[in-house]
Amino acid sequence: MNINPRRTPLIAGNWKMNLDHLQAIAFVQKLAWNLKDAGHDFAAVEVAVFPPFTDLRSVQTLVSADKLPLAFGAQDVSAQDSGAYTGEISGAFLAQLECQYVIIGHSERRTLHNESDEQVAAKVTAALKHNLVPLICVGESAEDLAVHGPSAVPVAQLRAALAGVTNAADIVVAYEPVWAIGSGQAATPEQAEQVAAALRGVLADTLGQDVADKTRILYGGSVKSGNIAAFMREPNVDGALVGGASLDIPEFSSIVRYQKHVDL
Ligand code: PEP
């Protein structure tokens, strides 16, 4: 198992637009119990959930009152701090809710909301300004893959997203091939490794080797309990961003506990 001592693996659950605030409370309670009962070592493999905005206050209250060892974050953030931006959510508000992370540049935002690389970069800067760790998503479409191969688009997207980032910043990168998200067809571990290594090269070029060594690079796209261990064996893959399977507590717990349930 290739866990780099400088990088604690992170398993992150992106709920997308699922579970209201009441369902979120029940879900987070059960997830934490389930993992604690199974003896999960939260220091060895970090677990984070990304509920919809309207759930965050409830999740914060629960996590803080019950001292649950779960991290949480938002699925998006505004590039602006405040003002006439109807429907937007400021990073300042997320920081007040004790979010540690925020997903930025998810392919559903890039495609359904036409988010450009420049907007992604502005959101990354805004997140860092408010001490939120941006979880920057990059990934190629099926067409990009056919035309350019797997690395070119994610590499370009990451370079663009880092435009305002200094080498003091704490960031997470997620490689999520668009064609693998929600399709049941995950990338191969070899492809994930190839792209993750290229992304680490971008981090080294732009922010220095130290940042490249300590930054976690996740794979996302149809991750399940049956394939997570193969991704985690790759030296440059430090965790997973999980969509559909993060909504099923036994399945998500099993992904989180990949070191235990699969013969490595
Ligand atoms: C995602 O939403 O980021 C994702 C990877 O989804 P899924 O795991 O369902 O493919």
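Being a predicted model, the structure only gives us computed values, none of them experimental. (Residues numbered from 1 in each chain as written. Predicted model: local features only at pLDDT ≥ 70, side-chain atom pairs only at ≥ 80, totals over all residues. Heavy atoms only, no water.)

J.: What is the right way to look at the overall build of the chain in this model?
T.: Looking only at helices and strands, the chain features 12 helices and eight strands. Surface accessibility of the chain: about 11200 Å² in total, with carbon and sulfur atoms responsible for 52%. Charge-centre separation for the chain: the mean point of 19 positive side chains lies 5 Å from the mean point of 29 negative side chains. (Helix = DSSP H or I, 4+ residues; strand = E, 2+ residues; numbered from the N terminus. Areas by Shrake-Rupley, 256 points an atom, 1.4 Å probe, with all protein chains shown as cover. Lys, Arg positive; Asp, Glu negative; His and termini not counted. Charge placed at Lys NZ, Arg CZ, Asp CG, Glu CD.)

J.: I'm lost on the pairing of strand β4 (residues 101–104) in this one. Help?
T.: On a regular strand, one side chain projects to one face of the sheet and the next to the other, so that they alternate. Side chains of β4 alternate between two faces, with Y101 and I103 and V102 and I104 buried alike. Across two bridges, strand β3 (residues 71–74) lies against β4 in parallel orientation. By the bridge assignment for β4, A74 is matched with V102. Read from β3 through helix α3 (residues 91–96) to β4, the crossover connection turns out right-handed. Two elements, β4 and strand β5 (residues 133–138), share four bridges in a ladder whose sense is parallel. Along β5, the bridge assignment pairs V102 with P134. (Buried < 20%, exposed > 50% of the residue type's maximum accessible area, 1.4 Å probe, protein only. Pairing = 2+ DSSP bridges. Right-handed = clockwise from strand over helix to strand, strands pointing away.)

J.: I'm lost on the packing of aromatic side chains in this one. Help?
T.: To describe a pair of aromatic rings, you give the distance between the ring centres and the angle between the ring planes. Under the counting rule described, the total for this entry stands at four aromatic pairs. With centroids separated by 6.2 Å and ring planes inclined at 50 degrees, the aromatic side chains of F50 and Y101 adopt a geometry described as tilted. Taken as a pair, F50 in strand β2 (residues 46–50) and Y101 in strand β4 lie far apart in primary sequence, 51 residues in all. Across the pair, exposure class does not vary: F50 and Y101 are buried alike. (Phe/Tyr/Trp six-rings, centres within 6.5 Å; stacked < 30°, edge-to-face > 60°.)

J.: I'm lost on the site of the ligand in this one. Help?
T.: Near the ligand there are 14 residues, and of these K16, E176, G182, S222 and G243 occur at the shortest range. The side chain of N14 places a nitrogen or oxygen atom 3.3 Å from an oxygen atom of the ligand. Interatomic distance of 2.8 Å between a backbone N/O atom of G244 and an oxygen atom of the ligand. When isolated, the ligand has an accessible area of 290 Å², and the protein chains bury 96% of it. Partitioning the shell around the ligand into residue classes produces four nonpolar, eight polar and two charged. (Near = heavy atom within 4 Å. Polar contact = N/O pair within 3.5 Å; in protein donor to acceptor, adjacent residues only side chain to side chain. Nonpolar A, V, L, I, M, F, W, Y, C, P; charged D, E, K, R; others polar.)

J.: What exactly am I supposed to notice about the UniProt feature "binding site: substrate" (unreviewed entry) in the chain here?
T.: The UniProt record annotates "binding site: substrate" (unreviewed entry) at N14, W15, K16, G182, S222, G243 and G244. Across 231 residues of sequence, these annotated residues stay compact in space, with a maximum C-alpha separation of 14.0 Å. When only the residues just named are considered, the largest pocket is lined by N14 and K16. Here G182 is to be found in the loop between β6 (172–175) and α8 (189–207). When you line up the elements, G244 lands in the loop between β8 (239–242) and α11 (249–256). A residue is classified by how much of its surface remains accessible, and G244, at 57% relative accessible area, is exposed. (UniProt positions renumbered as here; feature names shortened; annotations may be inferred. 1 Å grid on protein atoms, 1.4 Å probe; cavity = no way out; pocket = protein on both sides within 12 Å on 5 of 7 lines; lining within 4 Å.)

J.: Would you mind going over the environment of T8 with me for this structure?
T.: Looking at where T8 falls in the secondary structure, it is placed in the segment before β1 (10–14). The class for T8 is partly exposed, based on a relative accessible area of 32%. Separated by 200 residues in sequence, T8 and G208 have C-alpha atoms that sit 19 Å apart. Residues in contact with T8, not counting those within four places in the same chain, are A43, A44, V45, E46, R216 and D238. (Contact = heavy atoms within 4.5 Å.)

J.: Honestly, unusual backbone geometry in this entry has me stumped. Any pointers?
T.: The phi angle of most residues is negative, glycine excepted, and most peptide bonds adopt the trans form. Positive phi, normally seen in glycine, also occurs at K16, with a value near 50 degrees. The topology assignment puts K16 in the loop between β1 and α1 (21–37). Given a relative accessible area of 21%, K16 falls into the partly exposed group.

J.: Hey, could you run me through the UniProt feature "active site" (unreviewed entry) in the chain in this one?
T.: Within the UniProt annotation, "active site" (unreviewed entry) is assigned to H106 and E176. These annotated residues cover 71 residues of sequence, and their C-alpha atoms all fall within 8.3 Å of one another, placing them together at a single site. Taken from the residues named earlier, the lining of the largest pocket is made up of H106. Among residues more than four places away in sequence, those in contact with H106 are N14, K16, C137, E176 and I181. With residues near it in sequence (within four places) discarded, E176 still touches H106, C137, V138, G139, E140, I181, G220, G221 and L241.

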